[in-house]
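Given next are the chains, with one letter for each unit.
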2 protein chains.
Amino acid sequence: MQKFFYPRSVAVVGVSDDPANLAQGIVANMLHFKYQGKIFLVGRRPGTIFGLPIFPGLADLPEPVDLAAILAPARVVPSLVRECGQLGISRVVVESAGFSELNQAGLTLEAEVRAALKQYGMRLVGPNGLGLVNLDLGLALPFAQIGSRINRGRISIIAQSGGVATHVLAWMTKEGLGLNKFLSLGNKLDVAENEVLEYLLEDPGTAAIYIYLEGVEDGRGLLKVANRATKPIYLHLANIGPETAAIAQSHTASLTTDERVLEAACRHSRIIRVKTQSEFLNAVKLVDQPPVRGNRVVVFSRSGGEAVVAAYACRQFGFTLPPLSDRLVQSIKARSRAGVIHPANPIDLGDVFDFTLYTDIMAAVCRDPEVDAVLFHYGPIAEFEQEPARKMARRMLELAREAEKPLAITVLCTPDEEDFLRDTLGVPVFHFPEDAVAALAGSRDLAARGEILSPQALPPLPSAATIAETLAGPNPEGFLPLAQALTVVESLGLSLASWAATATPEEATVAAGRLGFPVVLKLSAPSLIHKTEAGGVELDLHDAVALQKAFGRLAQVAQSHLPPHEAWQVVVMSQVAGGQELLLGARRDDSFGPVVAFGAGGVDTEILDDVALRLAPLNPAQARELMAETRIGRILAGTRGRPPADLDSLSRALAALSQLMLQFPQIREVDLNPVRVFPGKSGLLALDARIRVDA
Amino acid sequence: MQKFFYPRSVAVVGVSDDPANLAQGIVANMLHFKYQGKIFLVGRRPGTIFGLPIFPGLADLPEPVDLAAILAPARVVPSLVRECGQLGISRVVVESAGFSELNQAGLTLEAEVRAALKQYGMRLVGPNGLGLVNLDLGLALPFAQIGSRINRGRISIIAQSGGVATHVLAWMTKEGLGLNKFLSLGNKLDVAENEVLEYLLEDPGTAAIYIYLEGVEDGRGLLKVANRATKPIYLHLANIGPETAAIAQSHTASLTTDERVLEAACRHSRIIRVKTQSEFLNAVKLVDQPPVRGNRVVVFSRSGGEAVVAAYACRQFGFTLPPLSDRLVQSIKARSRAGVIHPANPIDLGDVFDFTLYTDIMAAVCRDPEVDAVLFHYGPIAEFEQEPARKMARRMLELAREAEKPLAITVLCTPDEEDFLRDTLGVPVFHFPEDAVAALAGSRDLAARGEILSPQALPPLPSAATIAETLAGPNPEGFLPLAQALTVVESLGLSLASWAATATPEEATVAAGRLGFPVVLKLSAPSLIHKTEAGGVELDLHDAVALQKAFGRLAQVAQSHLPPHEAWQVVVMSQVAGGQELLLGARRDDSFGPVVAFGAGGVDTEILDDVALRLAPLNPAQARELMAETRIGRILAGTRGRPPADLDSLSRALAALSQLMLQFPQIREVDLNPVRVFPGKSGLLALDARIRVDA
């Protein structure tokens, strides 16, 4: 990536003196941002643009270049890329559209380009993107106007949509935030987000990274890169759901990512998920502040109303407002006019506008080990107060830095003064108190994230051989017949309601006698996926007569629902009463890999909407965290004097499911619903199992 | 209020030529905004400020004035107010602090002022506020600088905090939004929000109203005023929760309002609740657009990425993106370069920047009866495209207006051009697509609100006499003994599990024989509130022996827990199995009055967190809406082939609870938990009842 971001010379290919020529935009941007290297222009017709000559071909350039930026019709791009390879130009940026995002012919063109890259050992950014920007040396390859007033700063952007990125850039400028590097992914023919992210994480010029994606192809890879991060990564993923899938497909050829999996993936990674561009623009203002290491905020404000608004926001975001230390209360009282300042948190500074007092309060708060972050609101500032107020702001930033406590400020002053505070003094100025609190909460949540397990962290399943054998049975693809699925679950060490697979009413009666009535019967066959809906389940069988009748009904279901000659069995299972119905499950996400699920079970799972997800691997302790994310998990922990459920058994079961998914990549989905869990150490019983296996 | 907002002359009281004199700020604001009436200054020391003479007293003014704005020490305010009364000045604005918000002495001062108002028939705004502003005639009474660049416009503000209001004002200016009137409530000694709101709803200069409050004292009154509104009212209430209650108390002496009651109150009123200042600033941008009358949005965008972002936001806010009509698809295809525009919703305009095409799409979308709102994104605009783009924006606004369809726009252009589009053309320009969608959703939700019942709309309870008699029993205050509470519930027409109140083990045994075993016993006594926790409930009694032992245990509980000589009874109740446990309840909010609650019941109600509220009165149809707001309500409606529960009985029960609260204002709280409901027409059974009554 270094060669992409720091080329010593660039050839812009596709330039002409036609006013409608888009490649001119690249040249204009490079000149505007004063690119420190050499620029050469290439175009079919000779001419001069911005005083620079247009060379007829890459081979005609007076010296070799490090990078070629191509904006020519898609059909000529493969040959241009090959020419670059022949000339030893190892980095190519293609901004032209008309590739895989458009049609089949475009897909073929991409294949040709890919072959050329391989042949010559080259790398390519794009096509169908805006190229890249590095303000460290004035490199600005987008053909579109990216804004004449972009500040150089410490934020870098990776984006799948040039439109979204330039919109964010425009607002960064309005917010006084500066850009360092920007890369537009386009169709990701070669360079994709994970590689760019890895580079930017090491890049000394980059302090924070915004990634806009419309699909995460390699979520596991993304997490792996991100988990080494020591700077904030803000991931904005918009393409979630059917409506947007179509356009994103055509737009930059993306996959749809499940919203809940993404949420779970980010929650336990070093990535901050932002749902909107605004959320990023707000959160990143804390980039130069230390992390929020706890939950305790002190708010002080010259406006009582803003203090109330800030305290309200703190409560919404789960912050506490600890009482002030006695010493601080005394020092404020001693300094304030009688009764006007209320020395409680939030501190309403009343009508006192005494910069020294404010600074003293800040110093005292910074010294207080019981405080994790500070929020300050002040204003308005009359003309003559400007200089002292600036001095105060400077001193407050120093105090915060020395104490390693994050400081967020809202201020009511003229727009010019706000610009000065922000751009010159580096004060993190937020629009409103709630914005400041939201940003502090984001920093706190990131800092609070726990250990991320490596897949090697957990011991392998002891019964792996049995499971492998069962999976290698007669049905290597699709849903396993019930009996096979139950065998896999048993091999994980999970208790099942007592069961037996039987072939005849007589066998079933013998089994039921052994298991004890009442029992349930379940039809088991490879092609029977929705057995309840098909009438393949018989409940509440209290004696042999009822059982044999039920068996007969299942035999009829088998005859009418199953393909001819398909083998089937009837599973006899003890009917279990009591306990709490749960869902335990796991599935393999195309992008983020294995995910474990826990929540309220039974037929109303969807409506109860009380299922939490976590990426595998997870150990029993993390399984307990997962359970605690659900309402049912909090009920199971014991409420109103009732004993807690057997959480140990549950957490071991979830960890085992996680391990199953890691060790058997052919398993697509495991669904244990219901599982009944009992109080104390009484364990759990799975009553049903669905397992889907890939070929 | 008219006399407050349109005075022909104003006396500013408390002015001196001391540079630290705060009242000078009032004069400066009046001059800055070119007040069209006459200004007179009053202060103890003679002098001249801004070329205006300072008169020693109100009596010395050369002519009578309509309004006095007072910023003098609190202790002299009562006499100043009296003097106003004597001189026939019927409108007074007091900005001084040091009243009820400060201490007991301040409270006394307020009482004196109140007496003067009564004596002279005067009205007062404040104290402890910023007064008021009416840009229609340049009236600007705040002593604080409210911003030199405020635009005159159509938005009015009522605020309990001057700091919050001025902060919002500063941002309104940044967003190109204009102020019409502003009133700072301060301590609301006399004029309070409901009266101001009523005035502004009739005020032709006001098109939308922002109200910032730190407590709603008369929520019912607020709703009553608001429900006549034909313009949007944005209510921002920040003082919710214990942390902020203290500061708000001192700050402007407010009560804490329950967040969930407020939410329920607004959801069924003409008020839009905003949780932050930003939310208001965003939502109000649609003020000149017609309401969003449905759920179907068409998005079209020059940036595919922004289209994806917009579609994602639509999904978050519950909008659908209907497919385009065939005719529209054909017309787009005919106009676009082959394959570059994808004629699906969202419409990705690709690289085509053809203003006529855009306008044509807008015209077609406006004609389509299947579309409720339009979201458009475009940019960047090169210099030469500026004029045609403006023409397009103008035409699009016309089309939207003619079709009565709301249009929201995001645009990527220079800040100057954005200002022009917004301020000169009146284009509703949003920061990002999600902001536009949020605003559209707010408009849709307001338009979708149903009928608001008047308290007279429902028939009175037939059994009111029995209830009145029961409430007038021996325990007129606090929690009713169980037997009394059960009698009230029965009188409402709700079924209870069969029960009998008994005094001896023998009576209980007879009763149980009649009701049928198994039974439960519950101790009933005036001072026994938490009977389960006190051991006052005995479950699962299957025969007379068990019952008599249980009765003995309850007698012991009575002896050890109740005050000496307190009468007690034992309620025998059939033990009910089956059905679904629910909570039905009602309570009287200090501010918003009676509220009805429905949700998941049993001991885990708090954790299940599945209770919805609605303000009384409600009829059975609205009770069904209330139930549908909960997860348990959706389960009861029938899922996965199971029959629905007896929703008719439930909705009648909720409507009866609503009526009970309206007819018996002494009832503070009714809590029926659990109530068991059965399938089909099998009704419901309440198993417990707690009723709290005020003196």
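Just so you know, these numbers come straight off a predicted model, no measurement behind them.

Conventions we followed
- In this convention, every chain numbers its residues from 1, walking through the sequence in written order.
- Chain A is the first chain written and ligand 1 is the first ligand written, with later ones labelled in order.
- Selection of residues for local features in this predicted model requires a pLDDT of at least 70, selection of side-chain atom pairs for listing and counting requires 80 or more, and totals for whole chains, interfaces and linings are taken over all residues.
- Just so you know, side-chain values use all the structure's heavy atoms and leave hydrogens and water out.
- Note on classification: 1.4 Å probe, protein chains only; a residue is buried when its accessible area is under 20% of the maximum for its type, exposed when over 50%, partly exposed between these limits.
- Numbering goes from the N terminus for both helices and strands, where a helix is a DSSP run of H or I of at least four residues and a strand is a run of E of at least two.
- Strand pairing is assigned whenever DSSP identifies at least 2 bridges connecting the two strands.
- Look down the strands so they point away from you; if the path from the first strand over the helix to the second goes clockwise, the crossover is right-handed.
- Interaxial angle, 0 to 180 degrees, is taken between N-to-C directions of lines fitted to C-alpha atoms, where a helix line uses only the stretch in contact.
- Relative orientations are named as follows: roughly parallel for angles under 35 degrees, roughly antiparallel for angles over 145 degrees, roughly perpendicular for angles from 65 to 115 degrees, and oblique for any other angle.
- Here a residue-residue contact requires only that any non-hydrogen atoms of the pair lie within 4.5 Å.
- Known as pLDDT, the predictor's per-residue confidence is scaled from 0 to 100.
- Where each domain starts and ends comes from a domain assignment, either automatic or drawn from a database.
- Buried area is understood as the total, over both parts, of accessible area removed when two parts are fitted together, assessed with a 1.4 Å probe.
- Salt bridge, as used here, is a side-chain nitrogen of Lys or Arg placed within 4 Å of a carboxyl oxygen of Asp or Glu.
- Polar contact criterion, stated in full: a pair of N or O atoms within 3.5 Å, where within protein one must be able to donate a hydrogen and the other to accept it, and residues adjacent in sequence count only if both atoms are side-chain atoms.
- Side-chain classes are defined by residue name, with Ala, Val, Leu, Ile, Met, Phe, Trp, Tyr, Cys and Pro counting as nonpolar, Asp, Glu, Lys and Arg as charged, and the others, Gly among them, as polar.
- The span you would expect from a helix comes to 1.5 Å times its residue count less one.

The subject of this paragraph is the pairing of strand E13 (residues 233-237) of chain B. Residue and element names in this part refer to chain B. Of all 5 residues in E13, 5 are buried, a share of seventy percent or more. Alternating positions in E13 separate into two faces, Ile233, Leu235 and Leu237 on one and Tyr234 and His236 on the other, with burial throughout. Pairing analysis gives 5 bridges linking strand E12 (residues 208-213) to E13, with the strands arranged parallel. Looking across to E13, one finds that Ile211 is bridged to Leu235. At this point the chain moves from E12, through helix H7 (residues 219-226), to the parallel E13, and the crossover so formed is right-handed. Judged from the 4 bridges that link them, E13 and strand E14 (residues 271-274) form a sheet pairing that is parallel. Each bridged residue has a counterpart across the sheet, and for His236 the counterpart in E14 is Val274.

Residues and elements named next belong to chain B. The 7 strands lie next to each other as E3-E4-E2-E1-E5-E6-E7, forming an open sheet whose pairing is mixed. Since the sheet does not close on itself, it has two edges, and those belong to strand E3 (47-49) and strand E7 (123-125), each with one partner. With strand direction ignored, the average angle separating the axes of adjacent strands in the sheet is 30 degrees. The pairing of strand E1 (residues 9-13) with strand E5 (residues 67-70) spans 4 bridges and is classified as parallel. Directly across from Ala11, in E5, lies its bridge partner Ala68.

Looking now at the packing of helix H13 (residues 355-367) of chain A against helix H14 (residues 386-403) of chain A. What describes two packed helices is the angle between their axes and the distance between those same axes. All names here are of chain A. It is the contact of H13 with H14, at a shortest axis distance of 10 Å, that shows an interaxial angle of 5 degrees. Classed by the angle they form, the pair H13 and H14 counts as roughly parallel. Along the contact surface, H13 presents Phe355, Tyr358, Thr359, Met362, Ala363 and Cys366, while H14 presents Pro388, Ala389, Met392, Arg395, Met396, Leu399, Ala400 and Ala403.

Our next topic: the confidence of the model for chain A. All names here are of chain A. For chain A, mean pLDDT is 89; residues scoring 70 or higher make up 95% of the total. Considering only residues more than four positions removed or in separate chains, one finds that residues 251-255, a stretch of pLDDT under 50, has 25 contacts. Interface scoring of the predicted complex returns ipTM 0.88; its pTM is 0.90.

Moving on: the domain arrangement of chain A. Residue and element names in this part refer to chain A. Assigned domains of chain A: these are domain 1 (2-239) and domain 2 (286-448). Relative placement of domain 1 and domain 2: their C-alpha centres are 41 Å apart. The largest share of the area that domain 1 buries against domain 2 comes from Arg154, Glu175 and Gly176, three residues that together contribute 57% of it. At the surface where domain 1 touches domain 2, the tally comes to 1 salt bridge. Salt-bridge contacts for Asp288 lead to Arg154; the nearest nitrogen and oxygen are separated by 2.4 Å. Summed over the shared surface of domain 1 and domain 2, the number is 4 residue pairs in polar contact (both at pLDDT 80 or more). Of the residues that constitute the side of domain 1 that touches domain 2, the class distribution is 2 nonpolar, 1 polar and 3 charged.

Residues and elements named next belong to chain B. An ideal rise of 1.5 Å per residue puts 24 Å on 17 residues; helix H4 (residues 104-120) measures up with 25 Å between its terminal C-alpha atoms. Summarising the contacts, the buried residues of H4 are in contact with helix H3 (77-87) and E7. Where H4 begins, the side chain of Asn103 points an oxygen toward the backbone nitrogen of Ala105, at a separation of 3.3 Å. Backbone geometry just downstream of H4 places Gly121 in the positive-phi region, at approximately 65 degrees.

With that out of the way, let us pick up the interface of chain B and chain A. Think of interface size as the accessible area that goes away when the parts come together; that is how it is often given. Between chain B and chain A, the residue contacts involve 74 residues of the former and 74 residues of the latter. Taken together, both faces of the contact between chain B and chain A bury some 6,100 Å²; the carbon and sulfur share is 61%. At the boundary of chain B with chain A, the tally comes to 2 salt bridges. Among the ionic pairs, A:Glu418 bridges to B:Lys174, the shortest N-O distance being 3.0 Å. Here chain B and chain A share 18 residue pairs in polar contact (both at pLDDT 80 or more) between them. A breakdown of the residues in the side of chain B that touches chain A according to their chemical character gives 30 nonpolar, 23 polar and 21 charged.

Here we come to the sheet that holds strand E12 (residues 208-213) of chain A. Ordered by their spatial adjacency, 7 strands build an open sheet running E9-E8-E11-E10-E12-E13-E14 (chain A), and the pairing between neighbours is mixed. With partners counted over all chains shown, the strands left at the sheet margins are strand E9 (139-140) and strand E14 (271-274) of chain A, one partner each. With respect to the sheet, helix H9 (residues 259-267) of chain A is in contact with strand E13 (233-237) and E14 of chain A, its orientation differing from that of E14(A) by roughly 145 degrees. Across the sheet, helix H11 (residues 304-316) of chain B is in contact with E12, E13 and E14 of chain A; its angle to E12(A) comes to roughly 85 degrees.

So, on to unusual backbone geometry. Residue A:Pro346 is reached from A:Asn345 by a cis peptide bond, and omega for that bond is 5 degrees. The residue A:Pro346 is located in the loop between helix H12 (326-335) and strand E16 (347-348) in this model. Across the junction of B:Gly126 and B:Pro127, the peptide omega takes the value -5 degrees, indicating a cis bond. Here B:Pro127 lies in the loop between E7 and strand E8 (132-134). One non-glycine residue, A:Lys34, adopts positive backbone phi at about 55 degrees. Within the secondary structure, A:Lys34 is located in the loop between helix H2 (23-32) and strand E2 (38-42). Positive phi values are uncommon outside glycine, yet A:Lys188 reaches one of about 55 degrees. Following the sequence through the fold, A:Lys188 ends up in the loop between strand E11 (179-184) and helix H6 (193-202).

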